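Descriptive structure summary
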Amino acid sequence: MAETVFAPWDDPNETPLIRFRNVTKRFGDFTAIDDLTLDIFEREFFALLGPSGCGKTTMMRMLAGFENPTDGSIELAGQDIAGVPPNKRAVNMMFQSYALFPHLSIWDNIAFGLRRESSDKAAIAARVEEMLKLTRLEKFARRKPHQISGGQRQRVALARSLAKAPKLLLLDEPLGALDAKLREATQFELMDIQEKTGTTFVIVTHDQEEAMTVASRIAVMDEGRVMQVATPDRIYEAPESVYVADFIGDVNILAGTVKATGDQTYALGIENGTVTAVSERPFSDGQNAHLAVRPEKVAIHTTAPEGTDNLLQGKVLDIAYLGNLSTYHVELPGGQIIKAQTANTRRLSRRDITWEDHVWVSWTKTAGVLLDG
Amino acid sequence: MRRAVLIAVPYVWLLALFLIPFAVVFKISLSDIALAIPPYTPTAKDGIWAMLSQLDFENFVFLTEDDLYWKAYLSSLQIAFISTVLTLLVGYPMAYAMARAPEQWRATLLMLVILPFWTSFLIRVYAWVGILSGEGFLNQFLLWIGIIDAPLTILNTNTAVYIGIVYTYLPFMILPIYSALDRLDGSLIEAAEDLGCSRLKAFWLVTIPLSRNGIIAGCFLVFIPALGEFVIPSLLGGSGTLMIGKVLFEEFFSNRDWPVASAVAVILLLILIIPIVLFQRNEQRQAEAEQ
């Protein structure tokens, strides 16, 4: 059975659940969000990714109703939500600190939102039990927040924010306080829950791995602007700017001037020679450009291989051993460093490249992305 | 050895300044009034055994016979209770405003709350006499703006006592509540609003319960000293203001009946032990919850 790919952003007939239209937010002289336009669709798991201070939290707080835009409008399901207070929005938020009520039990924390809109005790109890089951917290219902672990608290916060079945759930660095192992497990749990409930999730994070793992689309932000919105693989494989390429993962950036050599094929004159790259985006001769190549797409050799598109010689400066992978830092004659990553398929003692070795690095012409200078 | 010395310091302090004086007061309360110096009998001069054999609970029995005393105790409890409630009503909004004030203002506001302590308590209470009296500032002001035609009688009434107690003990109410509100995580209020609470509802369901320990601490810190208060009712209160502190003073200095005065003091202490123990328990529970 052919599954249809979930990609409402490519379908012109879909109407987005959330529309940011030319939204600007200023705090005094500081512009937190700068003329931002963005669509988020129903059932999406949308990640706002960026360094701290890039405005991602401000965007989330505007969606929750704690801030209002200075300019522009935000629409939720076709309605302008400016000025609607947080308690009147079909939006719930999971706070970075979890913000669990310390004086209430887990059960009462989850029931808190439900009690505000209904007095049907049986219905509330049923919904709370459902949420406890969803987040596997049945055993802890009677405990207070300070009597459970960090991971459990995180699940309580999730259960509480999902209890009212919001149209949109906002997650502010939801996994920031968890340790690495638990974080990984919880990421999959989040995706699972998102799929089960069909709620639209907007997650704010500075952790790119987290964004790549959970999100259907990622918006990479910097200084109040969205640099690129795309699926994780597009963000990684086809960044539109040096900033995005550099922000996501590890990357080699080579600067030079472009010269067209064929159909969609360009030669980039760099300090140590010329490299070839394929680009769908047109470049004019003599234009300054950057080539971004991921380290895992760069191969390292002890002898010069034949028939490679791009080959450069250098000296091994450093080796970062990560267990499963090794990253070689190869210094080119001009001082530029190229990182090449290989999987450690052989035992470390049998590695044939070591410090100060003269090596060759190579990559294909489709491995890199040519970006505007 | 050093540890023993360190621990001994507070114990010696308690023994010398609390337990021994209390034993002395208790002993006097069991004695009889006499025209002598000191004005009671028996004393240690009669010999320890002779002294002990003459002690009795006569004065305590007397306290139950004359209704002045239990009326004074009851009226003190009532005045202390009402003033505590009034102090809470005035103090909570002030503490709340302080905790919500911009960071750079808080130290100054805190300073302003503590500032009155730099002046003598007695002078500050006397100042209220000047404000509340028939020709005082308050009456002159009210007459001047034309709200009243004749001066109000505030001084020498229970109202003046309430004003005095609320004014004097306000910092004791504000400080613990402020400290509780200051620690309150602002995202809890946002979470409550996010989950459907109006501002007022969030205040009622989150802010109040989470500042409860501060409220309890503040109430005890006001109630306990207010119960035995002497200066405020004697300066601001009238002949109708019946408070046990005043009775104690009169029994001791005007009547020179040390044994009865001591018995009054012992009973007052016993009454105070209840709220003090409750206060301690609250503090302990709070410390446990914070761990």
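Rules of the game
Numbering of residues starts from 1 in each chain and follows the order in which that chain's sequence is written. A letter from A marks each chain and a number from 1 marks each ligand, given out in the order of writing. For this predicted model, a pLDDT threshold of at least 70 governs which residues receive local features, and a threshold of 80 or more governs which side-chain atom pairs are given and counted, while totals over whole chains, interfaces and linings are taken from all residues. To sort residues by burial, count the other C-beta atoms lying within 10 Å of each one's C-beta; a count of 20 or more means buried, 12 or fewer means exposed, and anything in between means partly exposed. C-beta atoms are built from the backbone. Strands here mean DSSP runs of E at least two residues long; helices mean DSSP runs of H or I at least four residues long; both are numbered from the N terminus. Here, strands pair whenever DSSP counts at least two bridges between them. Per residue, pLDDT measures the predictor's confidence, with a range of 0 to 100. Each domain span listed reflects an automatic or database assignment of domains. Our contact criterion uses C-beta atoms placed from the backbone: two residues qualify when those atoms are within 7 Å. Classification used: nonpolar for Ala, Val, Leu, Ile, Met, Phe, Trp, Tyr, Cys and Pro, charged for Asp, Glu, Lys and Arg, polar for all others including Gly. Convention adopted: a line fitted to C-alpha atoms gives each axis, helices being fitted over their contacting stretch, and angles between N-to-C directions are expressed from 0 to 180 degrees. Note that the term roughly parallel is reserved for angles under 35 degrees, roughly antiparallel for angles over 145, roughly perpendicular for angles of 65 to 115, and oblique for everything else. Definitions for this section: a left-handed crossing has its near helix turned counterclockwise from the far helix by less than a right angle. A right-handed crossing has that turn clockwise. A set of buried residues drawn from Ala, Val, Leu, Ile, Met, Phe, Trp, Tyr and Cys, joined through C-beta atoms within 7 Å, is what defines a nonpolar core.

With that settled, the discussion passes to helix H1 (residues 56-64) of chain A. Where burial is concerned, most of H1 of chain A is hidden: eight out of the nine residues are buried. Among the residues of H1 of chain A, those classed as buried are Lys 56, Thr 58, Met 59, Met 60, Arg 61, Met 62, Leu 63 and Ala 64 of chain A.

This part is about the sheet that holds strand E4 (residues 71-76) of chain A. Sheet strands pair by backbone hydrogen bonding; their relative direction is either parallel or antiparallel. Spatial ordering of the open sheet is given by E2-E1-E4-E5 (chain A), a layout of four strands whose pairing is antiparallel. A strand with exactly one partner marks an edge of an open sheet, and here the two such strands are strand E2 (30-40) and strand E5 (79-80) of chain A.

Let us look at the confidence of the model for chain B. Reading predicted coordinates in detail is not appropriate for stretches of low pLDDT. The share of residues in chain B with pLDDT of 70 or more is 99%, and the mean pLDDT across the chain is 90. This prediction of the complex comes with two scores: 0.81 for pTM and 0.82 for ipTM.

All names here are of chain A. One can read the domain layout of chain A as domain 1 (8-243) and domain 2 (250-372). The centre of domain 1, based on its C-alpha atoms, is set 39 Å off from the matching centre of domain 2. With four residues of domain 1 at the interface, the matching set in domain 2 holds five residues. Among the residues making up the side of domain 1 that touches domain 2, the classes are represented as three nonpolar, one polar and no charged.

Turning next to the interface of chain A and chain B. Counting residues at the interface gives 16 residues for chain A and 14 residues for chain B. Sorting the residues of the side of chain A that touches chain B by element identifies strand E6 (91-94) and helix H2 (106-117) of chain A as the ones contributing at least two each. If you tally residues by element for the side of chain A that touches chain B, the top one is H2 of chain A, at four residues. Classifying every residue of the side of chain A that touches chain B gives nine nonpolar, five polar and two charged.

This brings us to the pairing of strand E18 (residues 337-343) of chain A. Where strand E17 (residues 325-331) of chain A lies against E18 of chain A, seven bridges are found, and the strand directions are antiparallel. Opposite Glu 331 of chain A, over in E18 of chain A, you have Ile 337 of chain A as the bridge partner.

Residues and elements named next belong to chain A. The strand order E6-E7-E8-E3-E9-E10 describes an open sheet built from six strands, whose pairing is mixed. Across the chains shown, the open sheet's two edge strands, defined by having one partner strand only, are E6 and strand E10 (225-230). On average, each strand axis in the sheet is inclined to that of its neighbour by 20°, with strand direction left out of account. Direction of pairing for strand E3 (residues 45-49) relative to strand E9 (residues 217-222): parallel, over a ladder of four bridges. Opposite Ala 47, over in E9, you have Ile 218 as the bridge partner. Lying over the sheet, H1 contacts E3, E6, strand E7 (168-172), strand E8 (200-205) and E9, oriented at roughly 145° with respect to E7.

Let's shift gears to the domain arrangement of chain B. All names here are of chain B. The domain architecture assigned to chain B consists of domain 1 (1-62) and domain 2 (66-290). Each of domain 1 and domain 2 was reduced to a C-alpha centroid, and the two centroids are 32 Å apart. The set of elements that each furnish at least two residues to the side of domain 1 that touches domain 2 consists of helix H1 (2-29), strand E1 (32-33) and helix H3 (58-65). In terms of residue count, H1 provides more of the side of domain 1 that touches domain 2 than any other element does, four residues in total. Looking at side-chain class alone, the side of domain 1 that touches domain 2 contains nine nonpolar, three polar and one charged residues.

Okay, the packing of helix H8 (residues 158-183) of chain B against helix H11 (residues 212-227) of chain B next. Residues and elements named next belong to chain B. With their axes 7 Å apart at the nearest point, H8 and H11 run at an angle of 160° to one another. Here H8 lies roughly antiparallel to H11, going by the angle between them. Pair H8 / H11 crosses with right-handed handedness. When H8 is examined against H11, the residues Ile 165, Tyr 169, Phe 172, Met 173, Pro 176, Ile 177, Ser 179, Ala 180 and Leu 181 are found in contact with a partner set consisting of Asn 213, Gly 214, Ile 215, Ala 217, Gly 218, Leu 221, Val 222, Pro 225 and Ala 226. Classifying every residue of the contact of H8 with H11 by side-chain character gives 14 nonpolar, four polar and no charged.

All names here are of chain A. As paired elements, strand E11 (residues 252-262) and strand E14 (residues 288-293) share six bridges and run antiparallel to each other. For Leu 254, the partnering residue across the bridge sits in E14 and is Leu 291. With five bridges joining them, E11 and strand E12 (residues 265-270) adopt antiparallel strand pairing. Considered in E12, the bridge of Ala 260 is made with Tyr 266. Hairpin geometry of E11 and E12 is characterised by an intervening segment of two residues between the two adjacent antiparallel strands and by a positive phi of about 60° at Gln 264.

Leu 63, Leu 170, Val 202 and Val 220 of chain A are the most contacted members of the largest nonpolar core, which has 103 residues in total. Among the nonpolar cores identified, the runner-up in size contains 53 residues, and Tyr 92, Trp 128, Tyr 162 and Ile 244 of chain B belong to it.

Turning our attention to unusual backbone geometry. Following Ile 37 of chain B, the chain continues into Pro 38 of chain B via a peptide bond in cis, with omega recorded as -10°. Within the element layout of this structure, Pro 38 of chain B appears in the loop between E1 and strand E2 (40-41). The peptide bond linking Thr 41 of chain B to Pro 42 of chain B adopts the cis configuration, its omega dihedral lying at -5°. Positive phi outside glycine occurs at Ala 77 of chain A, with the angle close to 50°. Mapped onto the elements of the fold, Ala 77 of chain A is located in the loop between E4 and E5.

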